[in-house]
Amino acid sequence: MQKTGRKGLSLARRLYTSRILGLMLGLLLVSVAVYPLDPAPWVWAAMLFNGLIWPHVAYQWARRAAQPHQAERRNLLVDAFLGGFWVAAMQFNPLPTAVTLAMMAMNNVSIGGLRFMFAGATVQMAGIALGMAIFPLTSVPMTSSAQLYASLPLLCIYPLALGWICFRQTDILGRQKRELLALSRTDSLTGLLNHGAWKDRLDEEFQRCLRQPHDRAGHGVIVLMDIDHFKTINDTYGHGAGDDVLRQLGKMLKQNLRAADIVGRYGGDEFCVILPDLTLHNAVQAMDGLRERFALLGYEQVPALKVSLSIGLAAFNPAYGDATLWLNDADQALYEAKTTGRNRVVCYRQRQLLEVSAVSL
C-alpha cells in the first residue's frame with residue numbers, strides 16, 4: 001500500500017506540471033473560440049476556473065487522497081468531461097475541437113493505455129451531452145485565423161512537454177531497473193558478484209577461452225578460496241566478527257586484483273575469482289601474495305583474531321567439455337589445500353594436484 005501511494009504521488013506530481021501547462025494553453029484556445037459566440041459571464045468564470053484553478057485543486061485532491069493513483073485517474077476523467085463540455089461550448093468549431101480531443105486522447109493513452117483512452121472518450125461524450133443541453137447547436141462555425149493561431153500553442157507546445165515528461169520517466173525507470181538488476185546480482189555483505197551472477201560470467205569466460213587459439217600461453221585461471229576455520233570464528237567471536245572478516249576479504253580482493261578479473265562470493269565463506277588471460281604461474285604468485293597479506297590483517301574489534309586462506313586454482317584446459325569441469329578442478333585443488341594443512345595455495349594441473357606454497361598453522 002505504501003509503495004502504491006508513493007507511485008500515485010509521483011504520478012500526481014508529473015501530471016500537476018503537465019495539467020497546468022495544458023489547461024493554460026487550452027484556456028487560450030477555448031476563450032478565442034467562444035468569444036465570437038458572446039458567452040454569458042458565468043461561462044467566462046467557468047473557463048477561468050478550469051484553466052487556472054482546477055490544476056491546483058486536482059493536485060491537492062490527489063495528494064491528500066488515501067490512494068493518490070486512483071484519485072489522479074479520477075482527475076483525468078474530470079479533465080475529459082470538462083474537455084467534452086468545452087467542445088460543445090465552442091459549437092464544434094472544427095480545428096479547436098480536433099485539437100482539444102486529440103490532446104486529451106494523447107494524455108489519457110500515455111497514462112492508462114487504450115482502455116483508459118476509451119474510458120476518457122466515454123466521459124467526454126457525457127460532457128458533450130451536458131454542453132449541448134446548455135449550448136444548443138445552431139450551426140458549426142468556421143475556424144477563423146485567430147482561432148487557428150490560438151490552436152497552435154496547444155498543438156505544438158503541449159505534445160513537446162508531455163513527450164519530455166514521458167522521456168524523463170522512462171529514463172528514471174530505466175535507471176531504477178539497472179540498479180535493481182545490479183542489486184540482484186550483488187552480494188549485499190561484500191559488494192561482490194553473488195553466486196548466480198558469477199556463474200553466468202564463468203560461462204561467458206569459458207566460451208571466450210574456447211574461441212582463443214589453443215597454443216596461447218594464458219587463457220585464464222579459476223580461483224576458489226576458503227577462509228580457514230570460519231565456523232570457529234563465528235562460534236568464538238560472534239557472527240559480527242565473521243561478517244567483518246568476509247567484508248575485509250571482499251575489500252582486499254577488489255583492491256588487489258585487476259579490473260578485468262571477475263570476483264564473486266560463491267557462498268558462505270567461499271570466494272571465487274576468474275583471472276582472464278593469465279598463466280597459471282602468474283596466478284599462483286598473485287594468490288600467494290594475497291594469502292600472505294590477508295593473514296597479516298588486524299581487526300580492531302577483536303585484536304586476537306588471526307585468519308588465513310586456503311586457495312585452489314585451475315588453469316583453463318581446451319579439453320574441458322563445459323565450465324563445470326573447469327570449476328570442479330579448482331574445487332578439487334581447494335579441497336586438497338584444506339586437507340593438507342590449510343593456509344596454502346594449491347593448483348590443479350593435468351589431473352594432478354601440485355602444492356605451490358604452504359605455511360603451517
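These numbers come from a predicted model, not from an experiment. (Residues numbered from 1 in each chain as written. Predicted model: local features only at pLDDT ≥ 70, side-chain atom pairs only at ≥ 80, totals over all residues. Heavy atoms only, no water.)

1. Topic: the overall build of the protein chain
Just so we agree on the cut-off: Secondary structure elements follow DSSP: runs of H or I of four or more residues count as helices, runs of E of two or more count as strands, with numbering from the N terminus. Radius of gyration means the value over C-alpha atoms here, while the globule rule gives 2.2 Å times the residue count to the 0.38 power. Whether a residue is buried, partly exposed or exposed follows from its accessible area with a 1.4 Å probe, protein chains only, as a fraction of its type maximum: under 20%, in between, or over 50%, in that order. Any pair of residues with heavy atoms lying within 4.5 Å of one another is described as a contacting pair. When charges are tallied, Lys and Arg are placed among the positive residues and Asp and Glu among the negative ones, while His and the ends of the chain are skipped. For this purpose, a charge sits on NZ of Lys, CZ of Arg, CG of Asp or CD of Glu.
Counting its secondary structure elements, the protein chain contains 10 helices and 6 strands. A compact globule built from 361 residues would reach a C-alpha radius of gyration of about 21 Å, whereas the protein chain, at 34 Å, exceeds it by more than 25%. For the protein chain, the proportion of its 361 residues judged to be buried stands at 43%. Residue pairs at least 24 apart in sequence account for 71% of intrachain contacts in the protein chain once pairs closer than 6 positions are excluded. Across the protein chain, the 35 positively charged side chains and the 28 negatively charged ones have centroids separated by 10 Å.

2. Observations concerning the packing of aromatic side chains
How two aromatic rings sit relative to each other is given by the distance of their centres and the angle of their planes. Worth spelling out the cut-off: The pairing test for Phe, Tyr and Trp rings, Trp by its six-membered ring, is centres within 6.5 Å, and the orientation test on the planes gives stacked under 30 degrees, edge-to-face over 60, and tilted for anything in between.
Following the criterion strictly, the structure yields 11 aromatic pairs and no others. Pairing Phe 206 with Phe 316 gives two aromatic rings, centres 5.8 Å apart and planes at 65°, and the pair type is edge-to-face. In this pair, Phe 206 is assigned in helix H6 (residues 195-211) and Phe 316 in the loop between strand S4 (309-315) and helix H10 (323-339), connecting sequence segments 110 residues apart. Pair check on accessibility: Phe 206 and Phe 316 agree, each one buried. Ring geometry for Phe 206 and Trp 326: centres 6.5 Å apart, planes at 45°, overall tilted. Of the two residues, Phe 206 is situated in helix H6 and Trp 326 in helix H10; the sequence distance between them amounts to 120 residues.

3. Side note on the UniProt feature "transmembrane region" (unreviewed entry) in the protein chain
Rules: UniProt positions are given in the numbering used here, feature names are shortened, and annotations may be inferred rather than shown by experiment.
UniProt tags residues 20-37, 43-62 and 148-167 as "transmembrane region" (unreviewed entry). Taken end to end, residues 43-62 comprises 100% helix and 0% strand; its first and last C-alpha atoms sit 26 Å apart.

4. Observations regarding the nonpolar core
Let me state the cut-off plainly: Residues enter a nonpolar core if they are buried and are Ala, Val, Leu, Ile, Met, Phe, Trp, Tyr or Cys, with the set joined through side-chain atoms within 4.5 Å.
Residues Val 223, Met 225, Ile 227, Leu 249, Leu 253, Leu 275 and Leu 313 are the most contacted members of the largest nonpolar core, which totals 34 residues. Every element with two or more residues in this core is listed here: strand S1 (220-227), helix H7 (230-237), helix H8 (239-256), strand S3 (270-276), helix H9 (280-295), S4 and strand S5 (344-349). Residues Leu 193, Ile 262, Ile 274 and Ala 333 belong to the second largest nonpolar core, which totals 23 residues.

5. A look at the packing of H6 against H10
Each pair of packed helices can be described by the angle between their axes along with the distance between the axes. Filter applied, for reference: Angles shown run from 0 to 180 degrees and are taken between the N-to-C directions of axes, each axis being a line fitted to C-alpha atoms and, for helices, limited to the stretch in contact. Comment on the angle field: the value is read as roughly parallel under 35 degrees, roughly antiparallel over 145, roughly perpendicular from 65 to 115, and oblique elsewhere. Lys, Arg, Asp and Glu make up the charged group, whereas Ala, Val, Leu, Ile, Met, Phe, Trp, Tyr, Cys and Pro make up the nonpolar group; the residues left over, Gly among them, are polar.
As a packed pair, H6 and H10 sit with axes 9 Å apart at the nearest point and diverge in direction by 110°. Overall, the two elements H6 and H10 adopt an arrangement that is roughly perpendicular. Between H6, through Trp 198, Lys 199, Leu 202, Asp 203, Phe 206 and Cys 209, and H10, the contact on the second element is made entirely by Ala 323, Trp 326 and Leu 327. Taken together, the residues that form the contact of H6 with H10 break down as 7 nonpolar, no polar and 2 charged.

6. Let's talk about the side chain of Asn 107
Position of Asn 107 among the secondary structure elements: in helix H4 (residues 94-134). Judged by relative accessible area, which is 9%, Asn 107 ranks as buried. The residues contacting Asn 107, other than those within four sequence positions of it, are Leu 15, Leu 76, Tyr 158 and Leu 162.

7. Quick notes on the pairing of S1
What counts here: Pairs of strands are assigned from DSSP output, requiring at least two bridges between the strands.
Taken across its 8 residues, S1 has 8 buried, putting it largely inside the fold. Where burial is concerned, the two faces of S1 agree: the one with Gly 220, Ile 222, Leu 224 and Asp 226 and the one with Val 221, Val 223, Met 225 and Ile 227 are both buried. When S1 meets S4, the two strands line up antiparallel, connected through 7 bridges. Residue pairing across strands places Asp 226 opposite Ser 310, the latter belonging to S4.

8. Regarding a nonpolar patch on the surface
Basically, it comes down to this: Each patch is built from residues lacking any salt bridge and having more than 30% relative accessible area; the joining distance is 9 Å for like charges and 5 Å for nonpolar side chains (Val, Leu, Ile, Met, Phe, Trp, Tyr). Method for areas: the Shrake-Rupley scheme with a 1.4 Å probe, in which residue coverage is limited to the protein chains shown. A pairing counts as a salt bridge when a side-chain nitrogen of Lys or Arg comes within 4 Å of a carboxyl oxygen of Asp or Glu.
On the surface, Met 24, Leu 48, Phe 49, Leu 52, Ile 53 and Val 57 cluster together into a nonpolar patch covering about 520 Å² of accessible area. If you trace the backbone, Leu 48 turns up in helix H2 (residues 41-64).

9. So, the state of the cysteines
As a reminder, the rule being used: Only a pair of cysteine sulfur atoms within 2.5 Å counts as a disulfide in this structure description.
By the definition in use, this model includes 0 disulfides. The thiol of Cys 272 is not disulfide-bonded; the next cysteine sulfur, from Cys 209, is found 16 Å away. The thiol of Cys 347 is not disulfide-bonded; the next cysteine sulfur, from Cys 209, is found 17 Å away.

10. Overview of H9
To keep things clear, this is the line we draw: In a helix, the anticipated span is given by 1.5 Å times the number of residues less one.
The terminal C-alpha atoms of H9, which comprises 16 residues, lie 22 Å apart, in line with the 22 Å expected from a rise of 1.5 Å per residue. All of the buried residues in H9 are Leu 280, Ala 283, Val 284, Met 287, Asp 288, Gly 289, Leu 290, Arg 291 and Phe 294.

11. Focus: the pairing of strand S2 (residues 262-267)
Here S2 runs beside S3; their pairing, made up of 5 bridges, is antiparallel. Directly across from Val 263, in S3, lies its bridge partner Val 273. From the end of S2 to the start of S3, which pair antiparallel, there are 2 residues, and Gly 268 there has a positive phi angle of about 60°.

12. A few points about the environment of Arg 293
Threshold: Think of a polar contact as two N or O atoms within 3.5 Å of one another; within protein, one of them needs to be a possible hydrogen donor and the other a possible acceptor, and neighboring residues in sequence only count if both atoms come from side chains.
Relative to the assigned elements, Arg 293 resides in helix H9. Residues Arg 293 and Ser 308, spaced 15 residues apart in sequence, show a C-alpha to C-alpha distance of 9.4 Å. For Arg 293, the side chain forms a polar contact with the side chain of Asn 256, separated by 3.3 Å.

13. Some remarks on the side chain of Asp 79
Residue position: Asp 79 is located in helix H3 (residues 68-89). Sequence-distant contacts of Asp 79, that is, excluding residues within four places in its chain, are made with Arg 19, Trp 54 and Met 104.

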